[in-house]
Amino acid sequence: TLTTDDRKIQTGRIDVALKTGQDAIDAAATTPDAINAFDTNKPLIQAVHTPGQPLADRKADRKAKLQAEHDKIVNDIKNDPTLTAAEKPLQITNADTALTNANLAVDAATDADHVDSAFSDGITAIDGAHKTGATLDTQRTAKKDALDKEAATVKQAIQDDATLTSAEKKTQSDAVDKALTDAKSAIDNATTADTINAAADTGLANIRNAHQSGPSL
């Protein structure tokens with residue numbers, strides 16, 4: 001039930017108690033004094049050994065803390081705006097697996113040191129399940145850059161479309177510009193990875209739909 005540190009501390013205390021007892025015996029002037037010094041210090045040495053938390057209790061305590069950490073991390077994942085709806089379940093599954101493995105390791109431990117080691121490793125694994133995505137600003141910039149490129153491509157296609165009149169080309173190019181502006185505004189107003197992606201997807205579709213070829217020549 002004792003950890004390595006516990007043993008070291010208690011052993012050190014025994015050494016101190018032993019030295020104190022030996023010094024008292026050495027200082028005794030008579031045999032009765034020496035016997036009295038022995039009788040006084042022997043129980044002090046024996047009292048140093050204090051068993052640790054029962055192993056079963058230690059395991060239950062550590063598993064409860066692992067569960068609490070797991071629940072915290074899962075909540076963090078669910079509320080992480082940088083993650084998509086597809087990414088969140090994967091990370092939650094990883095947290096669940098880390099908890100299961102940690103509990104098994106704690107159950108298999110045969111002493112306090114191994115219980116604590118399994119607990120520490122479990123906390124690290126559970127915490128590691130949550131991997132924050134790119135910042136929302138980074139995601140917004142990436143999506144807007146992609147829309148800029150698509151808008152340029154579509155506008156070039158409009159200009160190269162021989163089935164369109166000059167007036168139609170201008171109208172469609174203007175429609176591309178409006179779709180691009182609207183999409184960027186929606187992306188700027190989005191507050192999660194999912195809504196950023198949705199705004200970008202809608203914008204992309206509107207930009208592409210702005211180009212409508214005329215009747216074949």
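Right above here is the structure, for reference.
Residues numbered from 1 in each chain as written. Predicted model: local features only at pLDDT ≥ 70, side-chain atom pairs only at ≥ 80, totals over all residues. Heavy atoms only, no water.

Enquirer: What's the story with the nonpolar core in this structure? I'm lost.
Expert: General note: in soluble globular proteins, nonpolar side chains tend to be found buried as a group. Formed by 18 residues in total, the largest nonpolar core has its most connected members in Leu66, Ile77, Val106 and Ile126. Mapped onto this core, the elements with two or more residues apiece are α3 (55–78), α4 (87–108) and α5 (112–128). With 6 residues, the top contributor of residues to this core is α4. The residues touching Val106, leaving out its near neighbours within four places in the chain, are Lys59, Lys63, Leu66, Val115, Ala118 and Phe119. Membership of the second largest hydrophobic core comes to 17 residues, among which are Leu147, Ala151, Leu180 and Ile187. (Core = buried A, V, L, I, M, F, W, Y, C linked by side-chain atoms within 4.5 Å. Buried < 20%, exposed > 50% of the residue type's maximum accessible area, 1.4 Å probe, protein only. Helix = DSSP H or I, 4+ residues; strand = E, 2+ residues; numbered from the N terminus. Contact = heavy atoms within 4.5 Å.)

Enquirer: Looking at this structure, I do not really get the packing of aromatic side chains. What am I missing?
Expert: Two aromatic rings, taken as a pair, are described by how far apart their centres are and by the angle between their planes. A full pass over the atoms with the stated rule returns 0 aromatic pairs. Here the basic side chain of Arg62 rests over the ring of Phe119, its NZ or CZ set 5.9 Å away from the ring centre. (Phe/Tyr/Trp six-rings, centres within 6.5 Å; stacked < 30°, edge-to-face > 60°. Lys NZ or Arg CZ within 6 Å of the ring centre and 35° of its normal.)

Enquirer: What's the story with helix α6 (residues 136–159) in this structure? I'm lost.
Expert: Along an α-helix, a turn takes 3.6 residues, which lines up residues three or four apart on a common side. Over its 24 residues, α6 runs 34 Å from end to end, which matches the ideal 34 Å to within 8%, given 1.5 Å per residue. For α6, the full list of buried residues reads Leu136, Gln139, Arg140, Leu147, Glu150, Ala151, Val154 and Ile158. Lining the buried residues of α6 we find α7 (166–189) and α8 (193–209). (Expected span 1.5 Å × (residues − 1).)

Enquirer: Looking at this structure, how should I read the environment of Ala134?
Expert: Looking at the secondary structure, you find Ala134 in the loop between α5 and α6. It is 8.3 Å that separates the C-alpha atoms of Ala134 and Leu83, two residues lying 51 residues apart in sequence. Setting aside its immediate chain neighbours within four residues, Ala134 contacts Thr82 and Gln139.

Enquirer: I keep staring at the environment of Thr195 and nothing clicks. Help me out?
Expert: With respect to the element layout, Thr195 can be found in helix α8. Residue Thr195 is classed as partly exposed on the basis of its relative accessible area, which comes to 36%. Between the alpha carbons of Thr195 and Thr84 there is a distance of 8.9 Å; along the sequence they are 111 residues apart.

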